[in-house]
Amino acid sequence: MVHHSGSIQSFKQQKGMHTSISEIMKEKSLKPSRRSLPCLAQSQTHPINLNHFLSVPLSPDPKPDLDDLSQSISTSCSLLPPQTEDVKDSYIEEAEVSTCETRANPTFLLQKPVSRAKLGSRTDSLQGKKHPDASGLLFRDGKRRIDYILVYKKSSPQVEKRCTFEKNLRAEGLMLEKEPSLTNNDIMFVKIHATWDTLCKYAEQMNIRMPFKKKTYFTDWRSKTLGSRFHHRYQQLKSWLPKNPMKLDKEGMPDLEDADCYTAPFSRARMHHFAINNREAFFSNSTRSRIVHHVLQRTKYEDGKSKIGINRLLGNNTYEAAFPPHEGGYKSGHPIETQGFQNQRHLLYERWARWGNWYKYQPLDIIRRYFGEKIGLYFAWLGWYTGMLIPAALVGVFVFLYGLCTMGSSQVSKEICEDNETIMCPMCEENCKPWKLSDSCVFARVTRLFDNGGTVFFAIFMAIWATVFLEFWKRRKAELTYDWDLIDWEEEEEELRPQFEAKYSIVERLNPISGKPEPFQPFSEKLSRLMVSVSGIFFMISLVLMAVFAVVVFRLIAMEKFASFNWDFVQKNWQFATSGTGVCVNFMMIMSLNLVYEKVAYLLTNLEHPRTESEWENSFALKMFLFQFVNLNSSTFYIAFFLGRFAGRPGSYNKLFNRWRLEECHPSGCLIDLCLQMGVIMFFKQIWNNFMELGYPLLQNWWSRRKIKKGGGGGGQNVENRTQLPQWDRDWNLQPMNTHGLVDEYLEMVLQFSFTTIFVAAFPLAPLLALLNNIIEIRLDAYKFVTQWRRPMPARATDIGIWHGILEGIGVLAVITNAFVIAITSDYIPRFVYAFKYGPCVNKGPSHTDECLRGYMNSSLSWFDMQELKNSNESMYCRYRDYRAPPWNTAPYEFTLQFWHVLAARLAFIIVFEHLVFGIKSFIAYLIPDIPKDLYDRMRREKYLMQEMIYEAELEHLQKERKKNGRRFHHEWP
């Protein structure tokens, strides 16, 4: 039974710097640390010596001649499995192979002559005894593993392109084998295997870092300094504490600490430096898939500059799909605790994707090993974000509970609910009657839940929280980057997009970093394409603003209709009715426009022709964020900062198109409208996203299984048990990963982060809703990746890309918006000015906060003579929300001195709040370094040790070569 440790172990530092590796190896052996997952395959055996390594031939799988190999593989591919062997299928496949031989144009095929001896060895290996593979992960011989799967339809007319592409793949050293589908006779699978020579060649070209042969350990200086007695007591105290329930159980988990080695870019010239104990396990499954994907992207299928790559073949329907296979089924009839895991996919399902593990830590190292570093970093970031939401949610709940406890004792709510004499001005000029202030009692009490003294504190807390979250994520990312061996990876492996190479291959220039010639995009063309893209972005944003304007018009019409409704219940609660219907219409418009944004962003990004895949993804992600952020928050900004600010006054209201009165705020403030807008959109959008992420793939996969049981529409066999299918058939019936990779996953979380921080002063429960959603989101995404999606291509990445910059921008915007929300949207500043300037506590010390607000509502409402209204014969005064002089004043309806005091206090609060919070944020960012000090020392130490190991390994190798050849040699460097 193997064991697993859920937490990331750190390297132990060495107190003194050694001058050679021999001195390090003489130290007392300490507990090794996990450094690089590619070493896992060698964890069962010790490194072999150089003599034994040099006695093993380096090319056990030499490449055959192209024509002979094509003929042998074609013969092999024409043989169907026993359960599906019939004359018709064999005839179709043989006919297609013969067509490939005649149609393939030899002028643009890759020609690689091979010696007759190598051809004979390959032919012998192909004529060996076949061993059927029940798992569907090997070729028919039961030895060669499947690294990639291509799927095409036999009825596809693109035969010549496909045949040429497959011949060129064989010339690159890939081995192909065809297999028909058991569920659809029109579907053919092409299984791809990469030979050892091919893997080594492309691993060197791609600068893939592989495990170095020698190991070294750091000396634990802390134990020497503090003494072993303190360490023993600490371990004893730790054993008395209860077990952390969030840690994963060790039973059934692989031990990731057995293999600890440094890595270096692979080189065939220095192959003796690397720990090659088992060639089949030296390159992991994810690395093999990455290499094959690299070849598929750069192989030609026609004679032309742009006629390269599997992406174009997928686009013109030459192939239906291309994906690496899963490592088997994810379910087992035996418990994992007693029988262990069958494969990595089964392990991830049992220890990560099951809903019962919602409170457990994620096995990030297993995720990284199976899905690649890019997906591993996404789940690491999502888990970190979810964990950081816990304190934010707790503080938000306390603020909400404070408002709930003080809701009944609020002086403002009491004055509104107990005042049955104050008459408010009608909400429309026709068919609207005056209404009493006490009719909005419920509205005022609900407003108290979110507009209270804790709002300012919570806004400051969330601004600081956002900074702490991002700064500590930098440290966490640095640790993962080091542990996953991603240091300096981007500089080494950043490659050009095939589309960019095909478009700009005519003009070349030297790369200033590598010094190699590469395609070049002229600045004039780049600028023109960028201008077109920016124009498209502004056009889409203007379309969003038009949609917001339409929602504003709808709210104005709805306000007038609800205020003059015949039903008294609706007429008394016209504020809730107007806000609720406006939010629902806005939400439907948001979801409708989102469907358009994705296609527009994809079109504009391809128009720019980005140079690398990371540039393409960053450009596409930025456009999608801008579109959806503006779409999601435009109405929210309108309610927060424009609603009720330009309504005018009774008798002189501002009207839209000289028809509809502009909407005004409730006497208790506009914050409740903003809170309702955020709550409804955040709740329903999360439900919709979860359904589209899991519910939609479940329905599609259910429909695929239903067709399989009935024999399908392609004339396939009636398969009752889906587990009888080979792995490639089962993967084909799963849903492909999103076209844009992780952009949709990150986008959903970043938009949630913006909702959680930007307007958090209006909705303290936003972090709690985000926390509950993310707990579900982690397991939902895990279940989707493991069970519902085909295995994505394991990609590498050093960070979360452009999303980190977007998160920092949201953090800055959150400080500004929260300052304006507290100062302008809420009534915190007007209440503060009244309490300390106009209230009963001006000349004496306040006994209670609410006591100083007695008379606040009367002070915040102005008077209006209804006789000034058209078609009005009533001789009475009504009240409205504003600071204006009464009609009997010498300057009627002019702004009072209190209005200017409130305005000055609001501007002062914005300046003080922003400077205070930005100062705290900057100070915290300065205190928290991006890379931990011990990690920085380990990185420098590793660089030094790697130079020493390369020096000594090369010296040892040359000395043994001289001794083998009978030459004299010395101990010094030759």
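The rules behind each value
- Residues numbered from 1 in each chain as written.
- Predicted model: local features only at pLDDT ≥ 70, side-chain atom pairs only at ≥ 80, totals over all residues.
- Heavy atoms only, no water.
- Helix = DSSP H or I, 4+ residues; strand = E, 2+ residues; numbered from the N terminus.
- Buried < 20%, exposed > 50% of the residue type's maximum accessible area, 1.4 Å probe, protein only.
- Contact = heavy atoms within 4.5 Å.
- Areas by Shrake-Rupley, 256 points an atom, 1.4 Å probe, with all protein chains shown as cover.
- Disulfide = S-S within 2.5 Å.
- Axes fitted to C-alpha atoms, helices over the stretch in contact; angles between N-to-C directions.
- Parallel < 35°, antiparallel > 145°, perpendicular 65-115°, else oblique.
- Left-handed = near helix turned anticlockwise from the far one by under 90°.
- Nonpolar A, V, L, I, M, F, W, Y, C, P; charged D, E, K, R; others polar.
- Patch = residues over 30% accessible without salt bridge, like charges linked within 9 Å, V, L, I, M, F, W, Y side chains within 5 Å.
- Salt bridge = Lys/Arg side-chain N within 4 Å of Asp/Glu carboxyl O.

**Q** Any chance you could explain the overall build of the chain here in plain terms?
**A** Within the chain, the secondary structure is distributed over 34 helices and 16 strands. Expressed as a percentage of its 974 residues, the buried residues of the chain come to 52%. For the chain, the share of sequence-separated contacts (at least 6 apart) that also reach a separation of at least 24 residues comes to 77%. In the structure as shown, the chain presents an accessible area of about 45500 Å², 58% of it carried by carbon and sulfur atoms.

**Q** Help me understand the state of the cysteines, please; the structure alone is not making it clear to me.
**A** Put plainly, two cysteines are in a disulfide when a covalent bond ties their sulfur atoms together. Under the definition given, this model contains 2 disulfides. Residue C417 pairs covalently with C441 via a disulfide, S to S 1.9 Å. Residues C417 and C441 are joined by a disulfide whose S-S torsion is about 90 degrees; by sign, that bridge is right-handed. You can see C417 sitting in helix α17 (residues 411–418) and its partner C441 sitting in helix α18 (residues 441–450), a full 24 residues away along the chain. In this structure, C417 and C441 share a single accessibility class: buried.

**Q** Looking at this structure, how should I read the side chain of N631?
**A** Looking at where N631 falls in the secondary structure, it is placed in helix α25 (residues 613–641). What N631 contacts, discounting residues up to four positions off in sequence, is V544, I590, L593, N594 and Y597.

**Q** Can you walk me through the packing of helix α16 (residues 373–405) against helix α29 (residues 766–788) in this structure?
**A** To describe two helices that pack against each other, one gives the angle between their axes and the distance between the axes. Their axes nearest at 7 Å, the elements α16 and α29 cross at an angle of 155 degrees. In this view, α16 runs roughly antiparallel relative to α29, as classed from their interaxial angle. The hand of the α16/α29 crossing is left-handed. Along its contact with α16, which presents I375, Y378, F379, L382, G383, Y385, T386, L389, I390, A392, A393 and V397, the element α29 presents P767, L768, A770, L771, N774, I775, E777, I778, D781, A782 and F785. Across the contact of α16 with α29, the residue classes break down as 18 nonpolar, 3 polar and 2 charged.

**Q** Which parts of the structure should I look at to understand a nonpolar patch on the surface?
**A** A surface patch of nonpolar side chains, amounting to about 580 Å² of accessible area, comprises Y838, F895, L897, W900, L903 and L907. A per-element tally of the nonpolar patch places helix α33 (residues 897–927) first, with 4 residues. When you line up the elements, L897 lands in helix α33.

**Q** What is the right way to look at the environment of W703 in this model?
**A** With respect to the helices and strands, the residue W703 is situated in helix α26 (residues 671–709). It is 9.7 Å that separates the C-alpha atoms of W703 and N733, two residues lying 30 residues apart in sequence.

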